[in-house]
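Letter by letter, the chains look like this.
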Amino acid sequence: MRHPEVCVCYLLREREGRLEVLLGRKKHGLGEGRLVAPGGKLEPGETPAAACVREVAEEVGLDVAPADLEARGVVDYRFPTRESWSQRSHVFVCREWRGEPRASDELDPEWFPVDEVPLERMWDDASRWLPGVLAGGRVERSFVFGDDLATVVEPGPSVA
């Protein structure tokens, strides 16, 4: 079964010799209260990169050019006890944009040093792949979440 497609964008900047990533506290909906990067569902006919540009603008007020997005892979999320949450996420990193991050109805943005990302405040799968992506790597993975809808019970195979 093909899951709905979404995108996520990890914005990176250098500050005082340290690499930082922009995350935000999700205000409502799927992932409420967790730290997440800007992103969301692809609209019909929209490419993952175009959705990423739109979602970053909507959620944190930054203008990103599609050419500045670095595609870093895909993560499949499976929620057997709540199938409507299952999705396929296109992962991007971006180092160039215009504007300053601002809060929206979706996120309260905050910069974190990459080596101090509070993974315990994110989805359970993040610790298994996000540090590698932020260090320049790629991800092609799937994760199955348990009955609690929060804990990874089966790290799946690489995504084909």
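Every residue gets a number counted from 1 within its own chain, in the order that chain's sequence is written. Where totals are concerned, whole chains, interfaces and linings use all residues; where local detail is concerned, this predicted model gives features only for residues with pLDDT of at least 70, and gives and counts side-chain atom pairs only at 80 or more. Side-chain metrics in this entry use all non-hydrogen atoms of the structure; hydrogen atoms and water are not considered.

Got a minute to help me understand the packing of aromatic side chains in this structure?
Centre-to-centre distance and the angle between the planes together describe a pair of aromatic rings. A pair of aromatic rings is counted whenever rings of Phe, Tyr or Trp (Trp by its six-membered ring) have centres within 6.5 Å, and the orientation is called stacked for planes under 30 degrees apart, edge-to-face for over 60 and tilted otherwise. This structure, assessed with the given rule, holds eight aromatic pairs. Judged by centre distance (6.3 Å) and plane angle (45°), the ring pair of Tyr77 and Phe145 falls under tilted. With a gap of 68 residues between them, Tyr77 in strand 5 (residues 69-78) and Phe145 in strand 8 (residues 139-145) connect regions that are remote in the sequence. Buried means the residue's accessible area, taken with a 1.4 Å probe over protein chains only, is under 20% of the maximum for its type, while exposed means over 50%, and partly exposed covers the values in between. For Tyr77, a relative accessible area of 12% translates into the label buried. With centroids separated by 5.8 Å and ring planes inclined at 20°, the aromatic side chains of Trp97 and Trp111 adopt a geometry described as stacked. Here Trp111 lies in strand 7 (residues 107-113) and Trp97 lies in the loop between strand 6 (87-94) and strand 7, a separation of 14 residues in the sequence. A relative accessible area of 17% places Trp111 in the buried class. Taken together, the aromatic side chains of Tyr77, Phe79, Trp85, Trp123 and Phe145 make up a single cluster linked through ring pairs. Only when the NZ atom of a Lys or the CZ atom of an Arg is both within 6 Å of the ring centre and within 35 degrees of the ring normal do we say a charge sits over the ring. Taking the ring centre of Trp123 as reference, the NZ or CZ of Arg34 above it sits at 4.1 Å. We note Arg82 situated over the ring of Trp85; from NZ or CZ to the ring centre the distance is 4.8 Å. Elements are defined by DSSP. Helices are runs of H or I of four residues or more, strands are runs of E of two residues or more, and each kind is numbered from the N terminus.

Before we go on, may I ask you to explain the environment of Glu5 in this structure?
Along the chain, Glu5 turns up in strand 1 (residues 5-15). Using a relative accessible area of 27% as the deciding quantity, one classes Glu5 as partly exposed. With 71 residues separating them along the chain, Glu5 and Asp76 place their C-alpha atoms 9.2 Å apart. Setting aside anything within four residues of it in sequence, one finds Glu5 in contact with Lys41, Leu42, Arg88 and His90. We call two residues in contact whenever any of their non-hydrogen atoms come within 4.5 Å of each other.

Looking at this structure, how should I read the layout of surface pockets?
Where empty space is left in the structure can be found by rolling a water-sized probe over the atoms. In the cavity and pocket records, a cavity denotes points on a 1 Å grid over the protein atoms alone where a 1.4 Å probe fits but cannot get out, a pocket denotes an open set with protein on both sides within 12 Å along at least 5 of 7 lines, and lining residues are residues with an atom within 4 Å of a point. Grid points are joined across faces, edges and corners, and a volume is the space filled by probe spheres set on the points. The volume enclosed by the largest pocket comes to roughly 720 Å³. In terms of lining, the largest pocket is formed by 32 residues, of which the most central are Val6, Lys26, Leu30, Gln87 and Trp123. Contributions of two or more residues to the lining of the largest pocket are made by strand 1, strand 3 (35-36), strand 4 (39-41), helix 1 (48-60), strand 5, strand 6 and helix 2 (126-134). Element by element, the count of residues in the lining of the largest pocket is highest for strand 1, at four residues. Side-chain classes follow a simple rule in which Ala, Val, Leu, Ile, Met, Phe, Trp, Tyr, Cys and Pro form the nonpolar group, Asp, Glu, Lys and Arg form the charged group, and the remainder, Gly included, forms the polar group. Looking at the lining of the largest pocket, its residues break down into 18 nonpolar, eight polar and six charged.

Treat this as a map of the structure, not an account of what it does.
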